[in-house]
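# Fold and contact review
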Amino acid sequence: AKHEGRNGYRLFAPAMQAHFTRQLQLVAALRQALGSAQLQLVYQPQVALHSGAVVGAEALLRWRHPELGEVAPDEFIPAAEHSGLIVPLGAWVLRQAVRQARTWRDAGLPPLTMAVNLSAAQFRQPGLPELVSQVLREEGLAPDCLELELTEGVAMHDPHGAVHTMNSLHERGVRMAIDDFGTGFSSLSYLKQFKICKLKIDRSFVRDIGDNPEDQAIVAAIVSMARGLGLSTISEGVETEQQLAMLREQGCDEIQGYYYSRPLAADAFEAFVRARLAA
Ligand code: C2E
Ligand code: CA
Ligand code: CA
Ligand code: CA
């Protein structure tokens, strides 16, 4: 067994080495990027299925480095999480997104929910609820305009702490949604205890929903469970008319995906909302 282990080590070492070198490089570069124009938020519309109206935006982080080029969030977010850099980075994202929501409000856009992704490390910060309240107060946004997207993983290590934090955020009037719902394999009993208002159905169930009866059954079950618990549902990764029709049939409340729009820069998002209002 020892031999195998050593062989395994030799086999994988170069790839691992390259991976860690890249991670370290990203973390160093990201630390420099904080507070610079390299980091921007884009916003993806969330559309109500019954009316077709834009009811929300998900803020998504983009990073363009002068030498590394555009780095994908799926690569730099994990690096930021491992290094702890996600805490200041996430605080920046929160403030930017809240400020943008207030700016749109002032510009006369209809009320929108601003959805912000929160990683587990941010969620575990003892001062998080107070930080959220402070940002809302300073930027002048009503708490119920903010929706924090949490994955099931946030509660994994410390369910009691998670419930405590959610209670505190809930008391402050902030909404919470479970992101990538159905992929975390965690106990459903937490749904009763968590002060959430929305389930975000993961893209993996939406992708083949048009011709896969199993995915249809899973989505139908999630929607019906959400109804029973008084929660709303949003599907992510909706790309086609066929997926949309199927989700409508299943009774999903909201839709997000390339079918309506890719994530947009702030001014393009505003134009998108106005164009749909005029239509
Ligand atoms: P997520 O929260 O599940 O975000 C949805 C991802 O799906 C986004 O990728 C979005 O651009 C992409 N997407 C949206 N519609 C479609 C579609 O119709 N088809 C397909 N194929 N993809 C679609 P993105 O922006 O690359 O972000 C990837 C992940 O990085 C996010 O997944 C989220 O976990 C993380 N992330 C992004 N921004 C932030 C942030 O500010 N903070 C934290 N903690 N995580 C973030
Ligand atoms: Ca999300
Ligand atoms: Ca998601
Ligand atoms: Ca997802």
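Report on the accompanying structure. Each chain carries its own residue numbering, running from 1 in the direction its sequence is written. All chains are assigned letters beginning with A, and all ligands numbers beginning with 1, in the order in which they are written. In keeping with the predicted nature of the model, local features appear solely for residues at pLDDT of at least 70, side-chain atom pairs appear and are counted solely at 80 or more, and the whole-chain, interface and lining totals rest on all residues. Side-chain calculation: all heavy atoms of the structure are included, whereas hydrogens and water are not.

## What to know about the layout of surface pockets
The pocket and cavity definitions rest on a 1 Å grid over protein atoms only: a 1.4 Å probe that fits but cannot leave marks a cavity, an open set with protein on both sides within 12 Å along at least five of seven lines marks a pocket, and residues lining either have an atom within 4 Å of a point. Grid points are joined across faces, edges and corners, and a volume is the space filled by probe spheres set on the points. Here the largest pocket defines a volume of roughly 1200 Å³. Along its surface, the largest pocket is lined by 37 residues, and Glu58, Leu60, Pro73, Asp74 and Asn117 are the ones closest to its centre. Under the convention adopted here, Pro, Cys and the residues Ala, Val, Leu, Ile, Met, Phe, Trp and Tyr are nonpolar, Asp, Glu, Lys and Arg are charged, and Gly plus all remaining residues are polar. When its residues are assigned to classes, the lining of the largest pocket shows 14 nonpolar, ten polar and 13 charged.

## A closer look at helix 10 (residues 241-250)
Residues of helix 10 that are buried include every one of Gln243, Leu244, Met246, Leu247 and Gln250, and no others. What you see down the axis of helix 10 is that its buried residues fit within an arc of 165 degrees, all on one side. Within helix 10, the exposed residues directed more than 90 degrees away from the buried face are Glu241 and Glu249. The inward-facing, buried residues of helix 10 contact helix 8 (203-206), helix 9 (213-228), strand 8 (232-235) and strand 9 (254-255). The secondary structure listing takes helices from DSSP runs of H or I that are at least 4 residues long and strands from runs of E that are at least 2 residues long, numbered from the N terminus. Remark: Gly251 follows helix 10 within two positions and exhibits a positive phi of approximately 90 degrees. Residue burial is assigned from relative accessible area. The probe radius is 1.4 Å, only protein chains are included, and a residue is buried under 20% of its type maximum, exposed over 50%, and partly exposed in between. This arc is taken over the directions from the axis of the helix to the C-beta atoms. By definition, residues are in contact when any of their heavy atoms lie within 4.5 Å.

## Remarks on the pairing of strand 1 (residues 39-48)
Of all ten residues making up strand 1, nine are buried, and the element is well covered by its neighbours. Note on pairing: two strands pair once DSSP finds at least 2 bridges between them. Judged from the nine bridges that link them, strand 1 and strand 2 (residues 54-65) form a sheet pairing that is antiparallel. Counterpart to Gln40 in the pairing with strand 2 is Arg62. With two bridges joining them, strand 1 and strand 9 adopt antiparallel strand pairing. Along strand 9, the bridge assignment pairs Ala48 with Glu254.

## Focus: the packing of aromatic side chains
Aromatic pairing here means that ring centres of Phe, Tyr or Trp (its six-membered ring) are within 6.5 Å. Orientation follows from the plane angle: under 30 degrees is stacked, over 60 is edge-to-face, and everything else is tilted. Per the counting criterion, the structure on display carries six aromatic pairs. When the centroid spacing of 6.4 Å and the interplanar angle of 65 degrees are considered together, the rings of Tyr43 and Phe269 count as edge-to-face. One end of the pair, Tyr43, is in strand 1; the other, Phe269, is in helix 11 (residues 266-278), and 226 residues separate them in sequence. On the basis of relative accessibility, which here comes to 3%, the residue Tyr43 falls in the buried class. Given a relative accessible area of 0%, Phe269 falls into the buried group. Aromatic side chains Trp104 and Phe269 sit 4.5 Å apart centroid to centroid with 20 degrees between the ring planes, which places their arrangement in the stacked category. Within this pair, whereas Trp104 is found in helix 3 (residues 86-106), its partner Phe269 is found in helix 11, the two being separated by 165 residues in sequence. There is no split in this pair, since Trp104 and Phe269 are both buried.

## Focus: the site of ligand 1
Each residue is tested against the molecule or strand, and it is near if at least one of its non-hydrogen atoms lies within 4 Å. Around ligand 1, the surrounding shell holds 21 residues, and the nearest of these are Gln44, Arg62, Arg203, Glu239 and Tyr258. Any pair of nitrogen or oxygen atoms within 3.5 Å is treated as a polar contact; in protein, a donor-acceptor pairing is required on top of that, and neighbouring residues in sequence qualify only through side-chain atoms on both sides. Within the contact set of ligand 1, an oxygen atom lies 2.8 Å away from a side-chain nitrogen or oxygen of Arg62. Assignment to a cavity or pocket requires that more than half of a molecule's atoms be within 2 Å of the site's grid points. More than half of the atoms of ligand 1 fall within 2 Å of the grid points belonging to the largest pocket. Among the secondary structure elements, those contributing two or more residues to the shell around ligand 1 are strand 2, helix 2 (73-83) and strand 6 (175-181). In terms of residue count, the dominant contributor to the shell around ligand 1 is strand 2 (four residues). Residues belonging to the shell around ligand 1 are distributed by class as follows: eight nonpolar, five polar and eight charged.

## Some remarks on the coordination of the calcium ion (ligand 3)
Sites may look incomplete, because water is not among the atoms used; the donor set itself consists of N, O and S atoms within 2.8 Å of the metal (3.2 Å for Na, K and Ca). Within the first shell, the calcium ion (ligand 3) binds the protein through Asp179 (OD), Asp180 (OD), Glu236 (OE) and Glu236 (OE), at distances of 2.1 to 3.1 Å. Metal-to-metal, the separation of the calcium ion (ligand 3) and the calcium ion (ligand 2) is 3.7 Å; Asp179 coordinates the two. Here the residue Asp179 occupies a position in strand 6, and Glu236 occupies one in the loop between strand 8 and helix 10, the gap between them amounting to 57 residues. Here Glu236 falls in the buried class, since its relative accessible area comes to 13%.

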